[in-house]
Structure formats: structure tokens, C-alpha cells
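# Examining the three-dimensional arrangement
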Amino acid sequence: MSGSEFSFSEEGYSSFDEDDGYQLSIGDTDVAFDPDASQVEVKYSYPDATTSTKVPINRIKYQALSYDDVDALLTEKIKSVNGILQVGDDESMVLLQKFNWKVERLLEKFLDNPIRTYDSVGLNYNAVRVQPEKLIVVDPHFFCPICCSEGSEENPLTTFHSGGCDHRYCVNCYATFLKEKTTLTCMDTECHSVILPSELKSLSDCILNAESVLGDASNGLAASKTEASADFYGYASDSATTRGNDYSDDEDAAELDSDGEEIEEQRYLVEYRKRKLEKAVQDKEKQRNKSLYSRYRSKIMKDHVSQQADFRLCPALDCPGIVRFIDFDSNSASSGITGLEQFANQHRSFPIVECSYNHFFCFYCSKDNHVPIPCPIVKAWIKKCKDDSETANWIDNNTKPCPQCDTNIEKNGGCNHMTCKTCCHEFCWICMGLWKDHKDFYKCNRYQEVKDDSPQKENSRRYLEKYLFYYNRFAAHQTSFKKDREFCSKLDFLIQKVQKRNKVSWIETQFYEEAVRILLKGRHTLMWSYAFLYYVEPCRLKHLIEDSQFELSKAVESLSKLIETVKPENIIKYRQRFIKESGLLKSHKYALVDICLDALASDELLISIPT
Amino acid sequence: MASLPKRIIKETERLVSDPVPGIKAVPHEDNLRYFDVLMEGPSSSPYESGVFKLELFLPEDYPMVAPKVRFLTKIYHPNIDRLGRICLDVLKSNWSPALQIRTILLSIQALLGAPNPDDPLANEVAEDWKKDESNAIETAREWTVRYADKK
Ligand SMILES: [Zn+2]
Ligand SMILES: [Zn+2]
Ligand SMILES: [Zn+2]
Ligand SMILES: [Zn+2]
Ligand SMILES: [Zn+2]
Ligand SMILES: [Zn+2]
């Protein structure tokens, strides 16, 4: 598999003909189809239609939309609704929002009683609104009852009011009041007059102008906007120069001894560009949050999307990415799948999608990429852990006594290969056994099922033991994952320090960042594989999965240990080991994923999820 | 302490110079956002002749968010719970920055005169109120005498 994992875009798809020319009609609650969005590539939730052993896999077709794509969709929807209502785009939007973006419901109510529907959102059907640009009034005699500021001839107050009433307040108070709101109304206690989007825009522009007049020009919207877009488009040439420099600096033959490594370097370069692009997008998002109006618009858009069954907001923190479900692939269609829930409940289906900012998540449960664990298991496990949290609470994952000398050991990092500082005993944090015993004959990831001939009383205890076995391991890796991630968040800073101190360029430290990312993803898969195996009945395939899981856990702990013990200033020296170990971890991870997928696709694997 | 917003200074001044009848609100000397409040029970209500102690605090974002108010004196009322917390729309979703400390205190006083057992905070009290109103009113009167007596 290539650089970014599960980059499941498939070549040779025909851009979906079925949906072309689809238009909003009365009674249809879907979004009007925007011609621009149809240009967006249609991707598949899985790269191939079969597993490595050619067992068919169910996939969904989707589009990763950008903020602008969805913004355009919303605009289109508003326009088409206004085409019917003829009340104005702004008014149509406010009405749509009130009716949770359900076109059908709005039209029904509106046609039934336009005046009442209109009034219900704080609009007045018969009144003429003041023009948005006339809502800003500069007044030397104004007293703002909210902040108690008073205007004067030298320092007049700038005021704002809704186009539907004349309750004026100073622009700063109004802006603060409206800042976090999606339903915009007059600030007066009794007045419920609505503030239209274009009116908010007028207030927003007024605030922005005032800010730039204040000499805040360098932070002003206009200035940094051009900067951001220059960055956005200029990144390629920019990094190309960097690359040239790097190579001339780096004519160290020992470091670049093989073609393979050069390919590695180029891959890092691609990664770097990708992340630079990501950053440009994040900056853009920041800009979006800057003005009162843009923040409002982005909230409205998210509200709109969250009400559409076909759309999902990317669950990654602050990510503006949105994924749109298009259809099921022909495999799924021919096995009679018509709904998403039905799809997700098949054990060989993974609706894992990738947003335009390269975050992978499950379209069905909105959780992080949980391949190879089927959605029902993810759901069942989360519920079980919640229900049994009392039982599991006594497991302390942070301090345990050393099995040899009893000294209390606190776990700081993510690695589970422990060395006692007092007696140098090396042990496994998860099973507390000797580390060197973790070889072929002893696998602490494997649960030893007991033969079922003991009395009923014993059963419930064994049931609990089994759960705790898996929970313990799941939780241990979860804790480790959090600790590794904490470390990862400090990485940018550490790497910059290393770059400065060792006078090396970013490209030479990429292997390190990459290693940490591979570690995190590996741990994530490892963690979930325990939840998975809890529900799998003992059989030959389960045994194979456990073997593969064991290899992955060794690779994970080994890389974790390496990252934990090598001080950032020494990473360059250990470059080869980082690359080797992360490569190994990656291949073990894919091996585990593959083996699970094959097992899931075969009928041999028995999964029992209690209902 | 950060300087006090003009709005709070103005409101405090007015509370002193032009007090609301039957309500006394005095800011703490060391924290001008924290008020001790004394409220007389409205006439022709079971709280008549009682004087109730409340605390009122103006959060950092006041007036964009409502003041926090709580009864310190024990009171038997369907919209006030055992901890003295008050269920009143203007303190929550219906708060508007155009409202003031005085309007809020007046609303609370009005709530004493017009209990609303259909939108309860103290469930048992509301149940009693709905089951047997005259008995509930009697209990409220007893509590007023016992806990909110003018000294
Ligand atoms: Zn003001
Ligand atoms: Zn108004
Ligand atoms: Zn995302
Ligand atoms: Zn899922
Ligand atoms: Zn020890
Ligand atoms: Zn172990």
C-alpha cells in the first residue's frame, strides 16, 4: 500500500451519471445538486473490491467536500427555495433554518399560512425592512444601555439595529451579543425582531473596518488573506527550492546510500507538501473565524450539514472537512444492501472515508478509522465498557508495583516494556510477566479459554475474567496511546529545537515525525484488535489473528521504547533504526488488518455479540 | 482585580440611590461583583412578612450572560430547590443583556407572589403544591415564619 494509508481513491470511475442534472423539487428534502460539487472526485471507502484472498468487500462511494463546496450547496439550496417562496434569499435562509433545513416542511407550512410562518421566525410579512447599509448609525448623542458608554461630538458612538425594529445598541455590544449565536435576534427584552444575514454582514464589516483603522493592519483580514493565499498557491515552488538546498547540503554519500532512501526522501517531501497545504487550509479556517459574519456562516453551514443524512462533518478537531455519501458499490448493491445501517452491520463492510484534509473516519459511527473492526463490535464494545465501568475501575493503569522488588512504578510514557529503576527488572506492564519470556511460546495477548465443564457458578466468574483480560489490554493501549499522543503534540516544538541545534533541515527530521505517526496508528489498531477478539469465538482463524497481533504488539513496544529513550537531540544518529522500526511496524499493522479482513470475509469466523 | 465595567458601576450606583422597594442589594467591599440581597416577601403571598437572604454574582461576561442568583434563606416554593437555586426563564434562556440586576430581582420577587408548579425545580414541593394547594401554602407560610422572620 502506498504512502498515505487507506487512500482509497479508485481510478477509472465514471463521474456519477445517475445524479447529474438532479434538481430540487417540491417535496424533496435533499440538497439541490450543485454543478460544482459534481466535479468533485467520487471515492470508494476501500481501495479494492476484494481482500488479498479475493473475497469481495462491500464499499460505499463518497465525495470529500471542502468547506467551499458545501457552502455552494447551501447557497444553491437557499436560492432554489427562494425561487418558490419569492421572499428573498436571506429570508428564505432564516425560514429554512427554523424548519431544520427541511424544504418540504417549510413549503407546506408556508403555502398553508405565509404570514404566520413568516412571523414565527421574527420576520414581519407586511413591514418593509431598513436597508442593511443604513443600519449602522454614527451618533454623538447616543448612550448604550448595555455597556453604558456615552457618545460625544469628538467620539460619537457607532450603533446598529435590526432591519425590523429601531432598538439601537453600540456596535461592540451587538457584536459580542451575536458572536456565538445562530439565531439572530434584537437584543431588546421584548422585541423578537430577527436580524438577517446581510444585516449581520453589515455589522461585521463595520467592526472589521474599525479594527483595521485601529492600526491593526498587519492582523487585518485583507492583509493576511492575500498572505494566506500566496502561501496556498506558492507552496510548491517554495518547497522546491528548499528541496534543492537540502540536496546540496546533503551530499553525504553514507546517508543516501540507496535508491530506496531517495524514494523515502521524496515521499517525505510529498508528506511535507501535504501538511503545508493542510496548514494553509487551517489558516483559512482561522480567517473564517475572524469575522462575525464568516463565523456565523460557518456555524449555519455545520448546522445544515448535521441535519442531512447524506453528509458527515469530519470528527477531527476543528476540521472543516465534510463527506457526502453517494451510493453503495455494486458488490453491496447486489447483496441487497440499501441502507447505511444495514451496510455497517455486515461484518465485511467498513464505511471508512477520508475527508479532504486526510482524516480517516467511519461514516457510520463517526469514530476514528477502526479498520479492521466492524462497526457493530465498536458499538458493542463501547457500550460494554460503559456498562461495566464500575468493574473495570479498580484496574489502575498508571501505577503498579515492580513484580520483583515491589517498588511502586509510575508509568510516564506509552511503552509497555518496563524496566524497574530500582532493581533493573524488565517486565511487561500488561501481564506483569518477564519481558524476555515474551517469545513464541508465551503470548500475553492470547486469552486461554478454559474448557467448559465446570459448574454454572464458575461461569460468571470466568466470563468476567475474560472480559477483564481483553479490557485490561484495550485500556493499557488506550492509556499508552494517550501518552504517545501527548508526546506527539510536543513534537513540532522538539523538532524545531533539533533543527536549530543540529542545523538540519526539516526533511532530515521527517523520519522522526513519521515514526511517531506510525506508532500512534499502530497502537490504535492494536488497541481495537483486543476489543475485536473479545467477541470472536476460539478457532483456527482467531489463533492466526492472535499471532499477527502479537507481532504487531512487539513492533509497537519496540518503536515506542526507541522514541521514548532516544533524546531528540540524538535522533539523527538513530535515523536508520527509526526508519527500520517504523517500516516494520507498518508492515505488521497491514498484516494484522489483512488477516482480520480475510477472516471476517470468510464464514469460518464466529462472532458473538450479545444483544 | 480587573477594573469594573462602567455598566456594573452604573447599576450599583442606581441600586443605592434609587433602591427597589422591598429589595436591598449591597455589593461586597472586596468583590464588587458579589451582592448580598435582602428581599421582602410580596404582600398577600405566603411569604409576606418574611425577609429572604439571597446572593447575587455577576460573572465575567455580564451582561452578555445572566447574573447568578441563589436563595440563602430556606424557602418552600415549587420553583426554588433545596440549594436555593431558582428556576426562572429570564435567568436562563430568556436572559437579555438589556435586563438588569434590578429587573431580575423584581422578577424573582414576582415569582414569590406567583409560584408556577407546572415548571418546577423542586419536584416534591411542586407535587405537594398541585395535590393540595392550601396545605402547600400553609407549609410555605410556616417556613417563612421559621426561617425568614424579620428580626
Ligand atoms: Zn454598548
Ligand atoms: Zn428590537
Ligand atoms: Zn478532517
Ligand atoms: Zn464504524
Ligand atoms: Zn524492581
Ligand atoms: Zn505481557
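Keep in mind that this is a model prediction, so the values were computed, not measured. (Residues numbered from 1 in each chain as written. Chains lettered and ligands numbered in written order. Predicted model: local features only at pLDDT ≥ 70, side-chain atom pairs only at ≥ 80, totals over all residues. Heavy atoms only, no water.)

## Some details on the UniProt feature "active site" (unreviewed entry) in chain B
Within this structure's numbering, the places UniProt gives as "active site" (unreviewed entry) are B:Cys87. Here B:Cys87 is to be found in the loop between strand E4 (68-71) and helix H2 (101-113). (UniProt positions renumbered as here; feature names shortened; annotations may be inferred. Helix = DSSP H or I, 4+ residues; strand = E, 2+ residues; numbered from the N terminus.)

## Quick word on the confidence of the model for chain A
Residues and elements named next belong to chain A. In the predicted model, chain A carries a mean pLDDT of 78, and 78% of its residues have values of at least 70. Mean pLDDT per element in chain A: helix H7 (residues 221-249) is the minimum at 34, and strand E5 (residues 169-170) is the maximum at 96. Confidence drops under a pLDDT of 50 for residues 1-35, and excluding neighbours within four residues, the segment shows 73 contacts in the predicted structure. Under a pLDDT of 50 for its full length, residues 216-258 has, in the predicted model, 38 contacts with residues more than four places off or in other chains. (pLDDT = per-residue confidence, 0-100. Contact = heavy atoms within 4.5 Å.)

## Description of the interface of chain A and chain B
Facing the 13 residues of chain A at the interface are 9 residues of chain B. At the boundary of chain A with chain B, total buried surface from both sides reaches about 870 Å², with 68% on carbon and sulfur atoms. A per-residue breakdown of the area chain A buries against chain B is headed by A:Ile146, A:Cys148 and A:Thr189, which together make up 54% of the total. Summed over the shared surface of chain A and chain B, the result is 0 salt bridges. At the junction of chain A with chain B, the criterion picks out 3 residue pairs in polar contact (both at pLDDT 80 or more). Per-element tally for the side of chain A that touches chain B: the top contributor is helix H5 (residues 171-178) of chain A, with 3 residues. Along the lines of polarity and charge, the residues of the side of chain A that touches chain B split into 8 nonpolar, 3 polar and 2 charged. (Buried area = accessible area lost by both parts, 1.4 Å probe. Salt bridge = Lys/Arg side-chain N within 4 Å of Asp/Glu carboxyl O. Polar contact = N/O pair within 3.5 Å; in protein donor to acceptor, adjacent residues only side chain to side chain. Nonpolar A, V, L, I, M, F, W, Y, C, P; charged D, E, K, R; others polar.)

## A word on the coordination of the zinc ion (ligand 1)
Residues and elements named next belong to chain A. Here the zinc ion (ligand 1) is held by Cys144 (SG), Cys147 (SG), Cys170 (SG) and Cys173 (SG), and the distances to it run 2.2 to 2.3 Å. Of note is the zinc ion (ligand 1), whose 4 donor atoms meet at the metal with angles of 100 to 118° in an arrangement that counts as tetrahedral. Site description for the zinc ion (ligand 1): donor spacing in sequence, C-x2-C-x22-C-x2-C. In terms of burial, Cys170 and Cys173 fall into one category: buried. (Donors = N, O, S within 2.8 Å, 3.2 Å for Na, K, Ca; no water. Tetrahedral: all angles 85-135°; square planar, octahedral: opposite > 155°, others 65-115°. Buried < 20%, exposed > 50% of the residue type's maximum accessible area, 1.4 Å probe, protein only.)

## A few points about helix H2 (residues 89-98) of chain A
Residue and element names in this part refer to chain A. Counting buried positions over the 10 residues of H2 gives 8, a clear majority of the element. Inspection of H2 places Asp90, Glu91, Ser92, Met93, Val94, Leu95, Leu96 and Gln97 among the buried residues, and these make up the whole buried set. Buried residues along H2 sit against helix H1 (67-85), helix H3 (103-112), helix H4 (114-120), helix H6 (197-213) and helix H9 (292-306). Backbone geometry just after H2 places Asn100 at a positive phi near 50°.

## Digging into the sheet that holds strand E7 (residues 322-328) of chain A
Residues and elements named next belong to chain A. The 4 strands are arranged E1-E2-E7-E6 in an open sheet whose pairing can be described as antiparallel. Two strands bound the open sheet, and with one partner strand each, they are strand E1 (42-44) and strand E6 (311-313). Going across the sheet, the axis of each strand differs from the next one's by a mean of 35°, ignoring polarity. The pairing of E1 with strand E2 (residues 60-65) spans 3 bridges and is classified as antiparallel. (Pairing = 2+ DSSP bridges. Axes fitted to C-alpha atoms, helices over the stretch in contact; angles between N-to-C directions.)

## Digging into the pattern of salt bridges
Residues and elements named next belong to chain A. As enumerated under the stated definition, the model contains 24 salt bridges over all chains in all. Note that Lys299 is salt-bridged to Glu180, the shortest N-O span being 3.4 Å. Taken as a pair, Lys299 in helix H9 and Glu180 in the loop between H5 and H6 lie far apart in primary sequence, 119 residues in all. Relative accessible area serves as the criterion here: at 25%, Lys299 is assigned to the partly exposed category. Linking Arg517 and Glu514 is a salt bridge whose minimum nitrogen-to-oxygen distance equals 2.9 Å. One end of the pair, Arg517, and the other, Glu514, are both in helix H16 (residues 506-534), 3 residues apart, so they sit about a helical turn from each other. A residue is classified by how much of its surface remains accessible, and Arg517, at 28% relative accessible area, is partly exposed. One connected set of salt bridges, linked through shared partners, spans Arg446, Glu546 and Asp547.

## Thoughts on the coordination of the zinc ion (ligand 2)
The textbook angles at a metal center are 109.5 degrees for a tetrahedron of four donors and 90 or 180 degrees for an octahedron of six. Residue and element names in this part refer to chain A. Within the protein, the atoms that donate to the zinc ion (ligand 2) are Cys165 (SG), His167 (ND1), Cys186 (SG) and Cys191 (SG), at distances of 2.0 to 2.3 Å. Classification of the site at the zinc ion (ligand 2) as tetrahedral follows from its 4 donor atoms and the range of 105 to 113° in their angles at the metal. In terms of primary sequence, the donors binding the zinc ion (ligand 2) are separated according to C-x1-H-x18-C-x4-C. On the criterion of sequence distance, the pair formed by Cys165 in the loop between strand E4 (157-160) and E5 and Cys191 in the loop between H5 and H6 is long-range, its members being 26 residues apart. Take Cys165 and Cys191: they sit in the same class, and that class is buried.

## Digging into empty space enclosed by the protein
All names here are of chain A. As enumerated under the stated definition, the model contains 2 cavities of 30 Å³ or more in all. Empty space within the largest cavity amounts to approximately 120 Å³. Lining the largest cavity are 14 residues, with Ile430, His438, Cys444, Ser553 and Glu557 positioned closest to its centre. Elements supplying a minimum of two residues to the lining of the largest cavity: helix H14 (456-489) and helix H17 (540-565). By residue number, the principal contributor to the lining of the largest cavity is H17, which donates 4 residues. (1 Å grid on protein atoms, 1.4 Å probe; cavity = no way out; pocket = protein on both sides within 12 Å on 5 of 7 lines; lining within 4 Å. Points joined across faces, edges and corners; volume = space filled by probe spheres on them.)

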